[in-house]
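Remarks on the overall topology
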Amino acid sequence: MKFLKNLDRLVNFVIGNIAGILLIVMMIMVNVTIFSRWVFNINMHGYEELPTILFIVFVWLGVILVVRDDNMLKVDFFLNLCRTARAKEILHLISLIISTVICGMFTPLAFNLMMTHIKRGTVSPAVGFSMWWVYASVVIGAFGMTVYYMVNVCKSVRRLRAL
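I will try to describe carefully the structure that is included in this document.

Analysis parameters
- Residues numbered from 1 in each chain as written.
- Predicted model: local features only at pLDDT ≥ 70, side-chain atom pairs only at ≥ 80, totals over all residues.
- Heavy atoms only, no water.
- Salt bridge = Lys/Arg side-chain N within 4 Å of Asp/Glu carboxyl O.
- Buried < 20%, exposed > 50% of the residue type's maximum accessible area, 1.4 Å probe, protein only.
- Axes fitted to C-alpha atoms, helices over the stretch in contact; angles between N-to-C directions.
- Helix = DSSP H or I, 4+ residues; strand = E, 2+ residues; numbered from the N terminus.
- Parallel < 35°, antiparallel > 145°, perpendicular 65-115°, else oblique.
- Left-handed = near helix turned anticlockwise from the far one by under 90°.
- Nonpolar A, V, L, I, M, F, W, Y, C, P; charged D, E, K, R; others polar.

Another point: the pattern of salt bridges. Going through the model one piece at a time under the given rule, you end up with three salt bridges. A salt bridge links Arg 68 to Asp 69, with the shortest nitrogen-to-oxygen separation between them at 2.9 Å. A residue is classified by how much of its surface remains accessible, and Arg 68, at 19% relative accessible area, is buried. Classification of Asp 69 as partly exposed rests on a relative accessible area of 43%. Residues joined by salt bridges that share partners form a network here, namely Asp 8, Arg 68 and Asp 69.

Put into structure tokens, the structure is as follows:
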């Protein structure tokens, strides 16, 4: 159990720092692009696509931390219809199980997509950046979400037993 807690801390540290660095780099890139266009009247052809690529990677890595803390966007309409804490936890558990299954089904599809782009050698149109790196972030994000959804299912079952 101690190993898993240390692994969880490591994942949180690594992904949190990578996401923070990506956010800073994106902000700098966007500001440089805007500054060069409006002040120097220089269009940086192709450079505009890099912040978009970084944003995609940022989102797919960041979603791991969101699922880790069970902070996904939720619609509380059905939870508010439940009168007891046990009923709310059962409904929450059902939603976690559904999310786990869907992410578990999505992960191999994302992996196959990444492998297809590796085989084809797909590159971004303007900069020539190899796109399989972007799809690798989707695979990592989907796998991380699946793992943390399974952890959240176990936590929900524990809370349900305690009620």
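And the narrative resumes.
Relative to each other, helix α1 (residues 2-38) and helix α2 (residues 49-68) sit at 150°, their axes nearing to 9 Å. One finds that α1 runs roughly antiparallel with respect to α2. Crossing handedness for the pair α1 and α2: left-handed. Grouping the constituent residues of the contact of α1 with α2 by class yields 19 nonpolar, two polar and two charged.

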